[in-house]
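Report on the structure
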Amino acid sequence: MTARAADTLHGAGLGLRRALLTPLRDCATLPDFFEVSPENWMGVGGAIGRRLRGFSERTPLLCHGLSLNLGGTVPLDRDFIAGLGNFFATHEVHCYSEHLSYCGDDGHLYNLLPLPFTTAAIHHVAARIARVQEQLGRRIALENISYYAVPGAEMSELEFFAGVVAHADCDILLDVNNVYVNSVNHSYDARAFIDALPTERIVYLHMAGHQREPDGLLIDSHGAAVIDPVWQLLQHTYSRHGLLPTLLERDFKLPPLAELLVEVEQIRTVQRQTAGEGRRYG
């Protein structure tokens with residue numbers, strides 16, 4: 001198995017979108033690492049493929065998958081998984097993460113749908129993760145998703161998520177914004193959720209923005225700036241689990257690169273503040 005991302009990465013990263021390739025090329029100071037969805041880049045050659053390789057040669061690259069369909073019932077696509085492995089080797093990918101969800105049946109559903117919080121679902125997903133990890137020869141980091149309904153729940157989100165991670169023997173990509181969104185929508189304590197996770201499993205963090213509907217429902221949109229309560233939850237996460245590498249996600253309504261880099265720098269600021277508090281009170 002490959003080394004854990006938390007052992008080889010540090011600082012603050014940025015989700016790499018094609019629209020950012022040109023402005024980043026002229027950027028004097030790059031983020032500490034980048035993340036891409038491999039489905040959007042596999043098989044891409046020519047000038048764009050070379051530019052991606054140019055970034056991955058000098059800046060650590062992570063992959064965050066969209067279509068592995070870990071929670072689905074159709075057989076895992078072993079050819080697709082083999083293609084992932086080739087892409088990871090080409091770009092020396094430090095970590096591969098996927099969502100605790102399903103996104104396919106007879107075809108791709110183009111959405112990340114929640115699983116029932118049941119013992120049967122834990123064993124089903126864990127077995128599929130184990131098969132993927134075995135084929136790739138590397139660990140998967142499993143991300144906690146945002147969800148808006150709880151079908152057939154036998155346990156809490158925390159019990160379900162922790163159960164899958166333990167049974168699959170995989171790592172965690174902790175999405176801090178998703179914890180905040182779910183805690184508001186489903187009325188639980190976000191800090192208690194984060195505190196209960198096993199530190200040794202968490203390899204990196206996601207930060208993102210969301211939108212609030214008129215009825216108060218929060219939607220994980222990745223289309224807005226991070227809000228203060230989520231920044232505060234990030235600082236709490238660092239205090240509990242250490243200064244883990246943290247990535248800013250922005251998928252929609254992309255602002256100019258300069259605005260994104262301000263948020264990346266805000267991640268670094270929270271890391272420095274938390275490190276300073278640790279020296280003061282530790």
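Each remark here, short or long, concerns the structure printed above.
Figured I'd write up the structure that's included with this text. None of these values were measured; they are calculated from a predicted model.

Rules used in this analysis
Residues numbered from 1 in each chain as written. Predicted model: local features only at pLDDT ≥ 70, side-chain atom pairs only at ≥ 80, totals over all residues. Heavy atoms only, no water. Phe/Tyr/Trp six-rings, centres within 6.5 Å; stacked < 30°, edge-to-face > 60°. Buried < 20%, exposed > 50% of the residue type's maximum accessible area, 1.4 Å probe, protein only. Lys NZ or Arg CZ within 6 Å of the ring centre and 35° of its normal. Pairing = 2+ DSSP bridges. Helix = DSSP H or I, 4+ residues; strand = E, 2+ residues; numbered from the N terminus. Axes fitted to C-alpha atoms, helices over the stretch in contact; angles between N-to-C directions. 1 Å grid on protein atoms, 1.4 Å probe; cavity = no way out; pocket = protein on both sides within 12 Å on 5 of 7 lines; lining within 4 Å. Points joined across faces, edges and corners; volume = space filled by probe spheres on them. Nonpolar A, V, L, I, M, F, W, Y, C, P; charged D, E, K, R; others polar. Right-handed = clockwise from strand over helix to strand, strands pointing away.

Some points on the packing of aromatic side chains
In this structure the tally under the stated criterion is five aromatic pairs. Measuring from centroid to centroid gives 5.6 Å for Tyr188 and Phe193, while their planes differ by 20 degrees, and the two rings are stacked. Using a relative accessible area of 24% as the deciding quantity, one classes Tyr188 as partly exposed. These aromatic residues form a ring-pair network of at least three members: Phe117, Tyr147 and Phe160. A cation sits over an aromatic face here: Arg18 above Trp41, 5.1 Å from the ring centre.

What to know about the sheet that holds strand β1 (residues 12-15)
The parallel closed barrel is built from eight strands, whose spatial order is β1-β2-β3-β4-β7-β8-β9-β12. Along the sheet, successive strands turn relative to each other by an average axial angle of 30 degrees, direction set aside. Where strand β2 (residues 33-36) meets strand β3 (residues 61-64), three bridges bridge the pair, whose relative direction is parallel. Residue pairing for β3: Phe34 is matched across the bridge by Leu61.

A short note on empty space enclosed by the protein
The final tally for this structure, using the stated rule, is two cavities of 30 Å³ or more. Here the largest cavity is characterised by a volume of approximately 110 Å³. If you trace the largest cavity, you find it lined by Leu100, Pro114, Leu115, Phe117, Asn144, Ile145, Tyr147, Glu157, Phe160 and Phe161. Of the residues assigned to the lining of the largest cavity, the class counts are eight nonpolar, one polar and one charged.

Focus: the pairing of β3
Residues of β3 alternate between two faces, with Leu61 and Cys63 on one and Leu62 and His64 on the opposite face, all of them buried. Once the chain exits β2 it traverses helix α3 (residues 46-58) before rejoining the sheet at β3, and the crossover so formed is right-handed. Here β3 runs beside strand β4 (residues 95-99); their pairing, made up of three bridges, is parallel. Within β4, the residue paired with Leu62 across the bridge is Cys95. In the classification by handedness, the crossover that spans β3, the intervening helix α4 (residues 78-91) and the parallel β4 is right-handed.

Brief notes about the pairing of strand β8 (residues 171-175)
Burial of β8 is extensive: five of the five residues sit out of reach of the surface. Going residue by residue along β8, you find Asp171, Leu173 and Asp175 tucked away on one face and Ile172 and Leu174 tucked away on the opposite face as well. In terms of strand pairing, strand β7 (residues 140-143) meets β8 through three bridges, oriented parallel. Following the sheet pairing, Leu142 is matched in β8 by Ile172. Note on the crossover from β7 through helix α6 (residues 157-168) to β8: the handedness is right-handed. As paired elements, β8 and strand β9 (residues 202-207) share four bridges and run parallel to each other. From the neighbouring strand, Ile172 faces β9, where its bridge partner is Ile202.

In short, shape yes, function no, at least from these values alone.
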